Amino acid sequence: EITLAYEVIEVRTEADKVGVITLNRPKQLNALNSQLMDELGDALKAFDADEKIGCIIITGSEKAFAAGADITAMAKFSFADAYKGDFITRNWETIRTIRKPVIAAVSGFALGGGCELAMMCDFIIAADNAKFGQPEIKLGVIPGAGGTQRLPRAVGKAKAMDLALTGRMMDAQEAERSGLVSRVVPLDKLMEETLGAALQISDFSQIAVMAAKESVNRAFEGTLADGVMFERRLFHSLFATSDQKEGMDAFVNKRKAVFTHQ
Ligand code: CO8
């Protein structure tokens, strides 16, 4: 049950099993300030803790997923403010602790911290009007929430350097070609498509889903051999779940599996 009052995000559930978080500072193109990152973190944690929720969606408005960290909030920062402050150090990390899948449904601008937030999600579905970029260089700074690390892992060095050094934007087609987004859909189909994926995920075994997320993320840490061993041990452990018995029995008996997340 979500009881917290939110001001700069909107929170709802779909079919009692998908949590939807809508960034809601329309006048600032969803610029990410401390309050927004706090509220987003609280909403993510609440959905993660809710047994009924199997998948979470973060989305923005048609015009902007998020046009970056809030520049007006940062403009007068000293080094000490940046280094010691919550804004930079604490509340951007919450999303990394969420164990259920988080999908970014991106339309419009996903720039700077907005692009970084989208990349911290497990995958991105983009509307055909989406624009991605890391324009921090134009402000005399560099990406600060993982942009220089996650972008090259997603799109390779050439495009990551191009985007980080020139500050240019990449449209949805280029983002899909480069591997930054998993699907591009017409703007008016964005929520339908994303919700479809989220509902599909929610009907699977939550334990298997969390294990899959954990294991794919492991691909970005350490060596291939360690990652493969990590995956194998997780795979072995899933044979201890009722959901594995149910999933395989349903296949063998040609019926639909009903997972209980045990
Ligand atoms: N911060 C604050 N306000 C913003 C931001 C932002 N990032 N982006 C847009 N706005 C505001 C504008 O100031 C404007 O406000 P007002 O109406 O009061 O003048 C309003 O939103 C609408 O914006 P525009 O009039 O500029 O709209 P356009 O359609 O003309 O342009 C753009 C849209 C191209 C998106 C343009 O607004 C823009 O370039 N925005 C800035 C993009 C940017 O530089 N983003 C990177 C910010 S730095 C960053 O994200 C660092 C991340 C580090 C994270 C570290 C945390 C750990």
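Definitions and limits used
- Residues numbered from 1 in each chain as written.
- Predicted model: local features only at pLDDT ≥ 70, side-chain atom pairs only at ≥ 80, totals over all residues.
- Heavy atoms only, no water.
- UniProt positions renumbered as here; feature names shortened; annotations may be inferred.
- Pairing = 2+ DSSP bridges.
- Helix = DSSP H or I, 4+ residues; strand = E, 2+ residues; numbered from the N terminus.
- Contact = heavy atoms within 4.5 Å.
- Axes fitted to C-alpha atoms, helices over the stretch in contact; angles between N-to-C directions.
- 1 Å grid on protein atoms, 1.4 Å probe; cavity = no way out; pocket = protein on both sides within 12 Å on 5 of 7 lines; lining within 4 Å.
- Points joined across faces, edges and corners; volume = space filled by probe spheres on them.
- Nonpolar A, V, L, I, M, F, W, Y, C, P; charged D, E, K, R; others polar.
- Patch = residues over 30% accessible without salt bridge, like charges linked within 9 Å, V, L, I, M, F, W, Y side chains within 5 Å.
- Areas by Shrake-Rupley, 256 points an atom, 1.4 Å probe, with all protein chains shown as cover.
- Salt bridge = Lys/Arg side-chain N within 4 Å of Asp/Glu carboxyl O.
- Lys, Arg positive; Asp, Glu negative; His and termini not counted.
- Charge placed at Lys NZ, Arg CZ, Asp CG, Glu CD.
- Buried < 20%, exposed > 50% of the residue type's maximum accessible area, 1.4 Å probe, protein only.
- Core = buried A, V, L, I, M, F, W, Y, C linked by side-chain atoms within 4.5 Å.
- Disulfide = S-S within 2.5 Å.

For the chain, an unreviewed UniProt entry supplies the name enoyl-CoA hydratase and the organism Simplicispira metamorpha. If you open the UniProt record of the chain and go to Function (unreviewed entry), you find "Could possibly oxidize fatty acids using specific components."

Here four strands make up an open sheet; going across it, the order is E4-E6-E8-E9 and the pairing mixed. The sheet terminates laterally at strand E4 (64–66) and strand E9 (170–171), the two strands that pair on one side only. Alignment of strand E8 (residues 131–133) against E9, held across two bridges, turns out to be antiparallel. Bridge pairing in E9 places Phe-132 opposite Met-170. Sheet strands in contact with helix H5 (residues 113–120) are E4, strand E6 (109–111) and E8, and its direction is about 90 degrees off that of E6.

The next point concerns empty space enclosed by the protein. For the structure on display, the rule yields one cavity of 30 Å³ or more. Approximately 30 Å³ is the volume found for the largest cavity. Surrounding the largest cavity, Met-37, Leu-40, Gly-41, Leu-44, Asn-91, Trp-92, Thr-94, Ile-95 and Leu-117 form its lining. If you tally residues by element for the lining of the largest cavity, the top one is helix H1 (residues 34–49), at four residues. Class assignment of the residues belonging to the lining of the largest cavity gives a composition of six nonpolar, three polar and no charged.

A grouping of Glu-62, Asp-128, Asp-188 and Glu-192 is seen on the molecular surface, where their side chains present a negatively charged patch. Relative to the assigned elements, Glu-62 resides in the loop between strand E3 (55–59) and E4. Given the relative accessible area of 56%, Glu-62 is considered exposed.

Here Gly-167 shows up in the loop between helix H7 (157–166) and E9. Judged by relative accessible area, Gly-167 falls into the buried class, the value being 2%. Taking the C-alpha atoms as reference points, Gly-167 and Asn-129, separated by 38 residues in sequence, lie 18 Å from one another. Those residues in contact with Gly-167 that lie beyond four places of it in its chain are Gln-134, Pro-135, Ile-137, Lys-138 and Asp-162.

Let us now look at a nonpolar patch on the surface. On the surface, a nonpolar cluster with roughly 260 Å² of combined accessible area is contributed by Ile-71, Leu-139 and Val-141. In this fold, Val-141 is placed in the loop between E8 and helix H6 (147–155).

Across soluble globular proteins, you tend to see nonpolar side chains buried next to one another. Ranked by size, the top nonpolar core spans 46 residues in total, and within it Leu-23, Leu-44, Ile-58, Phe-65, Val-106, Phe-132 and Leu-180 carry the most contacts. The element that contributes the greatest number of residues to this core is H1, accounting for six residues. Grouped together as the second largest cluster of nonpolar side chains are 15 residues, Val-18, Ile-57, Leu-190 and Ala-197 included.

What follows covers the state of the cysteines. Scanning the model with the defined rule gives zero disulfides in all. With no disulfide of its own, Cys-115 has Cys-121 as its nearest cysteine by sulfur position, at a separation of 11 Å. Look at Cys-115 and you get buried, because its relative accessible area is 2%. Of all cysteine sulfurs in the structure, the one in Cys-55 sits closest to Cys-121, which takes part in no disulfide; the separation is 10 Å.

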